[in-house]
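# Descriptive analysis of the structure
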Amino acid sequence: MKKRFLSFVCAAFAALLVCSCASISEPTGKNNNLIYGNISFDFKCFPNNYGFPETYSDKNGIEVVVQNMNTDKTYILTSKSNGEISKTGLPDGIYRIKRIKKEQKMEFGYSVDIDLSRDDIPLLNTFQFSPVEDSAVNLGSLKLQINVKDIDPDKFTYNYELSIINNYEQTYNIFADAHADSSWQECDWFTPQESLKR
């Protein structure tokens, strides 16, 4: 009985993994554009008694908030376990990355929210893109590095660095591996800069 239950749990987990990789909507009438990228999060700290790990890396659960500069409406792209961030069917307009957020859970029930806006990261002030009909915009890969400088029972201080890696082919290959049967592969793919010229 235990063996059968374990097999069921393993099969359900495997199905969940397959579904989570295949959850990007296929191109249709309203979903006629795709925004796609990859993001990772690296956390570094010094030895401490607060449950903060000395090093920690993750790709899952990072929120990238994009804003339509014409309407000010925001949309959240939340990363999956492989770092994918995506959105289909965004309305027309020029978009910018407004904010990057990551909840960091520690030991002993301690958790902190990393919440960085465009004011915190001037590099984001020039990062803009525009959805293109029947096409995909490749945002490339973003890497967020957090370095803890000081900790006390109520707060901690850190500095941060965001890298935007314009290796668009590598990001596209992540998509192709995770979504081998997707019709988006047959569409044109543009960089953010190219999308603004369409």
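Quantities reported herein were computed from a predicted structural model and do not represent experimental measurements.

A few words now on the pattern of salt bridges. Applying the stated rule across the entire model yields 5 salt bridges. Two residues, Lys-143 and Asp-42, come together in a salt bridge whose shortest N-O distance is 3.3 Å. Pair noted here: Lys-143 is in strand 9 (residues 135-151) and Asp-42 is in strand 1 (residues 33-44), with a separation of 101 residues, a long-range link. Across the pair Lys-102 and Asp-58 runs a salt bridge, and its minimum N-O distance is 2.9 Å.

What follows concerns the nonpolar core. A general tendency of soluble globular proteins is for nonpolar side chains to be buried together. Ile-100 and Phe-129 are the most contacted members of the largest nonpolar core, which totals 35 residues. Of all elements in the fold, only strand 1, strand 3 (63-68), strand 4 (74-78), strand 6 (95-105), strand 7 (111-117), strand 9 and strand 10 (156-165) reach the threshold of two or more residues within this core. At 7 residues, strand 9 tops the list of elements feeding residues into this core. The residues contacting Phe-129, other than those within four sequence positions of it, are Ile-35, Val-66, Leu-90, Gly-93, Ile-94, Tyr-95, Val-137, Leu-139, Pro-192, Ser-195 and Leu-196. By size, the runner-up hydrophobic cluster in this structure holds 8 residues, among which are Leu-34, Ala-136, Trp-184 and Trp-189.

With respect to the helices and strands, the residue Asp-72 is situated in the loop between strand 3 and strand 4. For Asp-72, a relative accessible area of 51% puts it in the exposed group. Between the C-alpha atoms of Asp-72 and Tyr-95, which are 23 residues apart in sequence, the distance is 9.1 Å.

Turning next to unusual backbone geometry. One non-glycine residue, Asp-72, lies in positive phi territory at about 70°. Although it is not a glycine, Asp-134 adopts a positive phi angle of roughly 55°. Under the relative-accessibility criterion, Asp-134 is labelled exposed at 51%.

Attention now moves to a nonpolar patch on the surface. A grouping of Met-69, Ile-94 and Leu-196 is seen on the molecular surface, where their side chains present a nonpolar patch of about 220 Å² in accessible area. Secondary-structure assignment places Ile-94 in the loop between strand 5 (84-88) and strand 6.

A few words on the side chain of Asn-33. Structurally, the position occupied by Asn-33 is in strand 1. Reaching out from Asn-33, the side chain makes a polar contact with the backbone oxygen of Leu-90 at a distance of 3.0 Å. The contact partners of Asn-33, leaving out residues within four places of it in the chain, are Lys-87, Thr-88, Gly-89, Leu-90, Pro-131, Val-132, Ser-135 and Trp-184.

Right, let's talk about helix 2 (residues 168-178) for a bit. Turning to helix 2, its buried residues number three or more, namely Tyr-168, Thr-171, Phe-175 and Ala-176. Buried residues along helix 2 cover an arc of 145° about the axis, so they all sit on one side. Turned more than 90 degrees from where helix 2 packs its buried face, Glu-169 and Asp-177 sit exposed. Contact partners of the buried residues in helix 2: strand 1, strand 5, strand 9, strand 11 (188-190) and helix 3 (192-196).

Attention now moves to the confidence of the model for the protein. Residue-level pLDDT values for the protein average 85, and 86% of them are 70 or greater. Confidence drops under pLDDT 50 across residues 1-22; counting only partners more than four residues distant or on other chains, this segment forms 4 contacts.

It is worth spelling out the environment of Gln-104 at this point. Tracing the sequence through the fold places Gln-104 in strand 6. Gln-104 gets classed as buried once you look at its relative accessible area, which sits at 1%. Sequence separation between Gln-104 and Gly-61 is 43 residues, and the spatial gap between their C-alpha atoms is 9.7 Å.

Here is what the cut-offs are and how they apply
Residues numbered from 1 in each chain as written. Predicted model: local features only at pLDDT ≥ 70, side-chain atom pairs only at ≥ 80, totals over all residues. Heavy atoms only, no water. Salt bridge = Lys/Arg side-chain N within 4 Å of Asp/Glu carboxyl O. Helix = DSSP H or I, 4+ residues; strand = E, 2+ residues; numbered from the N terminus. Core = buried A, V, L, I, M, F, W, Y, C linked by side-chain atoms within 4.5 Å. Buried < 20%, exposed > 50% of the residue type's maximum accessible area, 1.4 Å probe, protein only. Contact = heavy atoms within 4.5 Å. Patch = residues over 30% accessible without salt bridge, like charges linked within 9 Å, V, L, I, M, F, W, Y side chains within 5 Å. Areas by Shrake-Rupley, 256 points an atom, 1.4 Å probe, with all protein chains shown as cover. Polar contact = N/O pair within 3.5 Å; in protein donor to acceptor, adjacent residues only side chain to side chain. Arc of directions from axis to C-beta. pLDDT = per-residue confidence, 0-100.

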